[in-house]
Amino acid sequence: PVGEHQPILSVTGRRLASQRAPTLPYRTYRARLGADNPENSKTDSYATHRDQIKSILLSWGMPEVNAEPTSKILSWDDLHGVDSHGMSMLPGYDNLRRTGRANMEARPTIVRESPVSALVDGGGGLGHVPSHYAMGVAIEKAKKTGMAIAAVHNSAHFGATGFYTLMAAKAG
């Protein structure tokens, strides 16, 4: 409960009676897109959220072909409670862009492959596009051979891993 205090313990586990720390309230509600506005459906809020992120990416010079999957993945992260990997990453990505450490126009390419594997070069851009591409390649290879793997190098942060594993799970 709010306002109650828990004793501070020493490294040996003994209570230090003269020092007390307040406990934090337990968080029972976690906000989700559209949760506070019943007039909009979650689908509408998600689309608006995704479009806002996409607008930011486009304003940075990211081509539409890259901005679409990147905004989709960042919005998915937020919608599924992985707030640390969604739109909260935009300031860091902006810093990468401004310092020349992320190429907004990068396009992924396969630099090495076998029937069951692919190595994708991310072109020095954000990791969402090459990771999405690599998972698509792995899925297609797995449909033909029964299993496959793809790896990406030369790219920045790629968001929450769950998005890509869900792609594979949905593909069977």
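Small disclaimer: the values here were computed from a predicted structure and weren't measured. (Residues numbered from 1 in each chain as written. Predicted model: local features only at pLDDT ≥ 70, side-chain atom pairs only at ≥ 80, totals over all residues. Heavy atoms only, no water.)

**Concerning the overall build of the chain**
Move 1: Regarding its fold elements, the chain presents five helices and five strands.
Move 2: Reading the chain from its N terminus to its C terminus gives the helix and strand order β-β-α-α-α-β-β-α-β-α.
Move 3: Expressed as a percentage of its 172 residues, the buried residues of the chain come to 30%. (Helix = DSSP H or I, 4+ residues; strand = E, 2+ residues; numbered from the N terminus. Buried < 20%, exposed > 50% of the residue type's maximum accessible area, 1.4 Å probe, protein only.)

**A word on the sheet that holds strand β5 (residues 149-153)**
Move 1: One open sheet holds the three strands; their spatial order is β3-β4-β5, and the pairing between them is mixed. Since the sheet does not close on itself, it has two edges, and those belong to β3 (109-114) and β5, each with one partner. Direction aside, the axes of adjacent strands within the sheet are offset by 20° on average.
Move 2: Summarising the sheet, strand β4 (residues 117-121) and β5 pair through five bridges and their orientation is parallel. When the bridges of β5 are listed, Leu119 appears paired with Ala151. (Pairing = 2+ DSSP bridges. Axes fitted to C-alpha atoms, helices over the stretch in contact; angles between N-to-C directions.)

**Structural notes on the side chain of Asp121**
Move 1: In this fold, Asp121 is placed in strand β4.
Move 2: Summary of buried charges: Asp121 has no salt-bridge partner, and the nearest side chain of opposite charge, Arg112, is 9.9 Å away.
Move 3: Within the structure, Asp121 has its side chain in polar contact with the backbone nitrogen of Gly123 (distance 2.7 Å).
Move 4: Every residue in contact with Asp121, bar those within four places of it in the chain, is listed here: Arg107, Pro108, Thr109, Val111, His153 and Asn154. (Lys, Arg positive; Asp, Glu negative; His and termini not counted. Salt bridge = Lys/Arg side-chain N within 4 Å of Asp/Glu carboxyl O. Polar contact = N/O pair within 3.5 Å; in protein donor to acceptor, adjacent residues only side chain to side chain. Contact = heavy atoms within 4.5 Å.)

**Observations concerning the packing of aromatic side chains**
Move 1: With the rule as written, the count across this model stands at three aromatic pairs.
Move 2: Centre to centre, the rings of Trp76 and Phe163 are 5.7 Å apart; their planes meet at 80°, and the pair counts as edge-to-face. A residue pair is termed long-range when its members are at least 10 positions apart, and Trp76 in helix α2 (residues 64-79) and Phe163 in helix α5 (residues 161-171) qualify at 87 residues. Take Trp76 and Phe163: they sit in the same class, and that class is buried.
Move 3: Through successive ring pairs, a cluster of aromatic residues spans Trp76, Phe158, Phe163 and Tyr164. (Phe/Tyr/Trp six-rings, centres within 6.5 Å; stacked < 30°, edge-to-face > 60°.)

**Digging into empty space enclosed by the protein**
To locate leftover empty space, one rolls a probe as large as a water molecule over the atoms.
Move 1: Tallying each qualifying case throughout the model produces one cavity of 30 Å³ or more.
Move 2: A volume near 70 Å³ is recorded for the largest cavity.
Move 3: If you trace the largest cavity, you find 14 residues lining it, with Asn66, Ala106, Gly125, Leu126 and Val129 closest to the centre.
Move 4: For the lining of the largest cavity, the secondary structure elements donating two or more residues are α2 and α4 (128-145).
Move 5: The biggest single contributor to the lining of the largest cavity is α4, with three residues.
Move 6: For the lining of the largest cavity, the class distribution of residues is seven nonpolar, six polar and one charged. (1 Å grid on protein atoms, 1.4 Å probe; cavity = no way out; pocket = protein on both sides within 12 Å on 5 of 7 lines; lining within 4 Å. Points joined across faces, edges and corners; volume = space filled by probe spheres on them. Nonpolar A, V, L, I, M, F, W, Y, C, P; charged D, E, K, R; others polar.)

**A word on the environment of Ile53**
Move 1: Assignment of secondary structure puts Ile53 in helix α1 (residues 42-59).
Move 2: Taking relative accessible area as the criterion, Ile53 reaches 1% and is therefore assigned buried.
Move 3: Sequence-wise, Ile53 and Met87 are 34 residues apart; in three dimensions their C-alpha atoms are separated by 7.1 Å.
Move 4: Not counting residues within four places of it along the chain, the set of residues in contact with Ile53 comprises Ser71, Leu74, Ser75, Asp78, Met87 and Leu90.

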